[in-house]
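Examining the three-dimensional arrangement
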Amino acid sequence: MDTKKAGFNSKLIHAGGFKDTKGSAVTPIYQTSTFSFESADHGAACFAGESDGYIYTRLGNPNIEELEKTVAELENGFGGIATSSGMAAVNVCYLGLLSAGDHMVSHNAVYGPSRSIMESLYPRFKVESTYVDATNIDNVLNAIRPNTKVLYIETPANPTIGITDLKAMAKIAKEHNLKLVVDNTFCSPYLQKPLDLGADIVLHSMTKFINGHADIVAGMVVTKTEEDYKLLKPIMMNIGCNMDPHQAWLTRRGLKTLAIRIERAQESAIKVADYLESHPKVEWVLYPGLKSHPQYELGKEQMSGPGAMISFEVKGGLKSGKIVMNSVKMALLAVSLGGIETLIQHPASMTHSKLSDEKQLEGGITKGLIRLSIGIEDVEDIITDLDQALAQI
Ligand SMILES: *Cc1c(COP(=O)(O)O)cnc(C)c1O
């Protein structure tokens, strides 16, 4: 079936379709490192790109290709480049778009390793960067220099849930001849389509919503143009940060239920956010679906729903945060997000505990900040779990 004109849910099930000769409903796993050619001429044609035959799994494999085609179609892009992890996708973009002497502007609350590798490794190759609060457009404009080549944005950001105006970023990128790269992990293409809003490149940690089952680590880059695809694809191939066929197969399976998983988790997240906002032991709640969110209107404009990620501040700081962590019975104390199970995280005592108070505050980490990734369990159970944990404070 040609899914180009099909709806989102039909694309989730049928896009990237690979028909095997036995008619199996699900693509078999092509667990092979290499592919044999029919003849010397066929081999030559494969290497010359004149045949769509496969050569070697690092360069391409039916399972990986099916997933790449599907995610590219969901994001309305030209092509997808699957990678071993989300961080591999980030690095394929950095390596492909930045050279010695170039500069990148980015949001100060992007995923930690995306920033730390740019600030610790890339300066060795004379690549510079400036991190600003990109939810304020003027900060971005002021950070641009003559050698700026890339604008790298993540929205909503983690764990501050700050929303950056993607249309405004695309306008700035166009005016200053920059590539706009958007990490769309938090939303997935179901809730936000950055390429439609003017971005050049979208990337994902497919570890999160796209796979959605907390059983693999994987990444994806989707480009809007053939030119950018041809620039970035060989970097993945030659660096060797490819997926493996089984990982691609699992991700393609998980992706089929993306819409129903997000709808369910989001419906619960709206209820959980309301519950938390009215709780006497909660200082504030940050969730794009609450009218109290500072960018509520912008969120409604560029996202098709508020998603499943909630941050909230408990009264009583570090001590209270730890009590909640130690008291929940169903939510798992874990990093990552976007899976079917509810996860709870307290940055001040977990992910960011090694950072100074000053650095924590710079990243929007307050002592009582708790982040929830709402899963697809019964919402009554999620709320009951939080309720008994908050009662321990
Ligand atoms: C998890 C994550 C990454 C990194 O992905 P991995 O699959 O863990 O390598 C990048 N960006 C965001 C927003 C993430 O949440």
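Worth saying up front: this structure is predicted, and the values here are computed from it rather than measured.

Parameters and conventions
- Note that residues are indexed from 1 along each chain, following the sequence as it is written.
- Only residues with pLDDT of 70 or above have their local features reported here, since the model is predicted, and side-chain atom pairs are shown and tallied only from 80 upward, although totals for entire chains, interfaces and linings are computed over all residues.
- The side-chain numbers reported here are obtained from all heavy atoms of the structure, hydrogens and water having been left aside.
- Counted as salt bridges are all cases of a side-chain nitrogen of Lys or Arg within 4 Å of a carboxyl oxygen of Asp or Glu.
- Strands are runs of DSSP state E lasting at least 2 residues, helices are runs of H or I lasting at least 4, and numbering of each runs from the N terminus.
- Burial classes follow relative accessibility: with a 1.4 Å probe on protein chains only, a residue under 20% of its type's maximum area counts as buried, one over 50% as exposed, and anything between as partly exposed.
- Note on terminology: near, applied to a residue and a molecule or strand, indicates that one of the residue's heavy atoms is within 4 Å of it.
- Polar contacts, as used here, are pairs of N or O atoms within 3.5 Å; protein pairs need one atom able to donate a hydrogen and one able to accept it. Residues neighboring in sequence count only if both atoms are side-chain atoms.
- Method for areas: the Shrake-Rupley scheme with a 1.4 Å probe, in which residue coverage is limited to the protein chains shown.
- Fitted lines through C-alpha atoms serve as axes, helices being fitted only where they are in contact, and the angles separating the N-to-C directions of these axes extend from 0 to 180 degrees.
- Oblique is the label for any angle not under 35 degrees, not over 145, and not in the 65 to 115 range, which are roughly parallel, roughly antiparallel and roughly perpendicular in turn.
- Left-handed describes a crossing in which the near helix is turned anticlockwise from the far one by less than a right angle; the clockwise case is right-handed.
- Whether two residues are in contact is decided by their heavy atoms, any of which lying within 4.5 Å being enough.
- When residues are grouped by polarity, Ala, Val, Leu, Ile, Met, Phe, Trp, Tyr, Cys and Pro land in nonpolar, Asp, Glu, Lys and Arg in charged, and all others, Gly among them, in polar.
- In this analysis, strands are considered paired if DSSP registers two or more bridges between them.
- By convention in this document, the label disulfide applies to cysteine sulfur atom pairs within 2.5 Å.
- For the domain bounds, the source is a domain assignment made automatically or taken from a database.
- Summed over both partners, buried area is the accessible surface (1.4 Å probe) that two parts give up on being assembled.
- As used in this record, nonpolar core signifies buried Ala, Val, Leu, Ile, Met, Phe, Trp, Tyr and Cys residues forming a set joined through side-chain atoms within 4.5 Å.

Moving on, we come to the pattern of salt bridges. Inspection of every chain in the model, using the stated rule, returns 14 salt bridges. Here Arg-115 and Glu-119 are joined by a salt bridge, their closest N and O atoms 3.2 Å apart. Here Arg-115 and its partner Glu-119 are both found in helix α5 (residues 112–120), 4 residues apart, which amounts to about one turn of the helix. Taking the relative accessible area as the measure of exposure, Glu-119 reaches 41% and is therefore partly exposed. In this structure, Arg-115 engages Glu-362 in a salt bridge whose closest nitrogen and oxygen atoms are separated by 3.5 Å.

A few words now on the site of the ligand. Lining the immediate environment of the ligand, one finds 13 residues, of which Met-87, Asp-183, Ser-205, Thr-207 and Lys-208 sit closest. One of the side-chain N or O atoms of Thr-207 is found 2.6 Å from an oxygen atom in the ligand. In isolation the ligand has 380 Å² of accessible area, and contact with the protein removes 92% of it.

Here we take up the packing of helix α13 (residues 317–327) against helix α15 (residues 379–390). α15 packs onto α13 with a crossing angle of 130° between their chain directions and a minimal axis gap of 8 Å. When the axis of α13 is compared with that of α15, the two are oblique. The two elements α13 and α15 meet at a crossing, and its hand is right-handed. Across the interface between the two elements, Ile-323, Val-324 and Ser-327 from α13 touch Gln-388, Ala-389 and Leu-390 from α15. Of the residues belonging to the contact of α13 with α15, the class tally is 4 nonpolar, 2 polar and no charged.

Okay, the sheet that holds strand β7 (residues 219–223) next. Adjacent strands of a sheet form backbone hydrogen bonds with each other and so pair up, either parallel or antiparallel. As summarised here, the arrangement of the 7 strands in space is β1-β7-β6-β5-β4-β2-β3, forming an open sheet in which the pairing is mixed. Both edges of this open sheet fall to β1 (79–83) and β3 (128–132), since each of them pairs with a single strand only. Averaged over all pairs of adjacent strands, the angle between strand axes in this sheet comes to 20°, irrespective of strand direction. By the bridge criterion, 5 bridges tie strand β2 (residues 103–107) to β3 in an arrangement that is parallel. For Ser-106, the partnering residue across the bridge sits in β3 and is Tyr-131. Here helix α4 (residues 86–97) sits on the sheet in contact with β1, β2, β3, β4 (148–154), β5 (179–183), β6 (201–205) and β7, set at roughly 155° to β6. Where α5 meets the sheet, it contacts β2, β3 and β4, and its direction lies at approximately 140° from that of β3.

Below, the discussion takes up the state of the cysteines. Note on terminology: disulfide describes a covalent bond linking the sulfur atoms of two cysteines. Using the criterion set out here, one finds 0 disulfides in the structure. The thiol of Cys-241 is not disulfide-bonded; the next cysteine sulfur, from Cys-93, is found 10 Å away.

Where interface size is quoted, it is often the accessible area lost as the parts come together. Taken as a whole, the chain is organised into domain 1 (7–255) and domain 2 (258–390). Using C-alpha coordinates to define each centre, domain 1 is positioned 27 Å away from domain 2. Each partner contributes to the interface: domain 1 provides 35 residues, whereas domain 2 provides 33 residues. Around 2800 Å² of area is buried between domain 1 and domain 2 when both sides are counted, 62% of it from carbon and sulfur atoms. Together, Ile-163, Leu-191 and Phe-209 form the three largest contributors to the area buried by domain 1 at its contact with domain 2, with a combined 27%. At the junction of domain 1 and domain 2, the tally comes to 1 salt bridge.

Here the focus is the pairing of β6. Most of β6 sits inside the fold, with 5 of its 5 residues counted as buried. Neither face of β6 is open: one carries Ile-201, Leu-203 and Ser-205, the other Val-202 and His-204, and all of them are buried. Two strands pair when backbone bridges link them, and β5 and β6 are joined in this way by 3 bridges, in the parallel orientation. Paired with Val-182 across the strands is Val-202, a residue of β6. Where β6 and β7 come together, 5 bridges link them in antiparallel fashion. Of the residues in β7, the one forming a bridge with Val-202 is Val-222.

What follows deals with the nonpolar core. In terms of nonpolar packing, the biggest core is built from 80 residues, with Leu-276 and Ile-310 touching the most fellow members. In terms of residue count, the dominant contributor to this core is helix α11 (residues 258–277) (9 residues). In contact with Leu-276, not counting residues within four places along its chain, are Val-282, Val-285, Ile-310, Phe-312, Leu-372 and Leu-390. Counting residues in hydrophobic clusters, the runner-up holds 27 residues, among them Leu-97, Val-110, Tyr-131 and Val-150.

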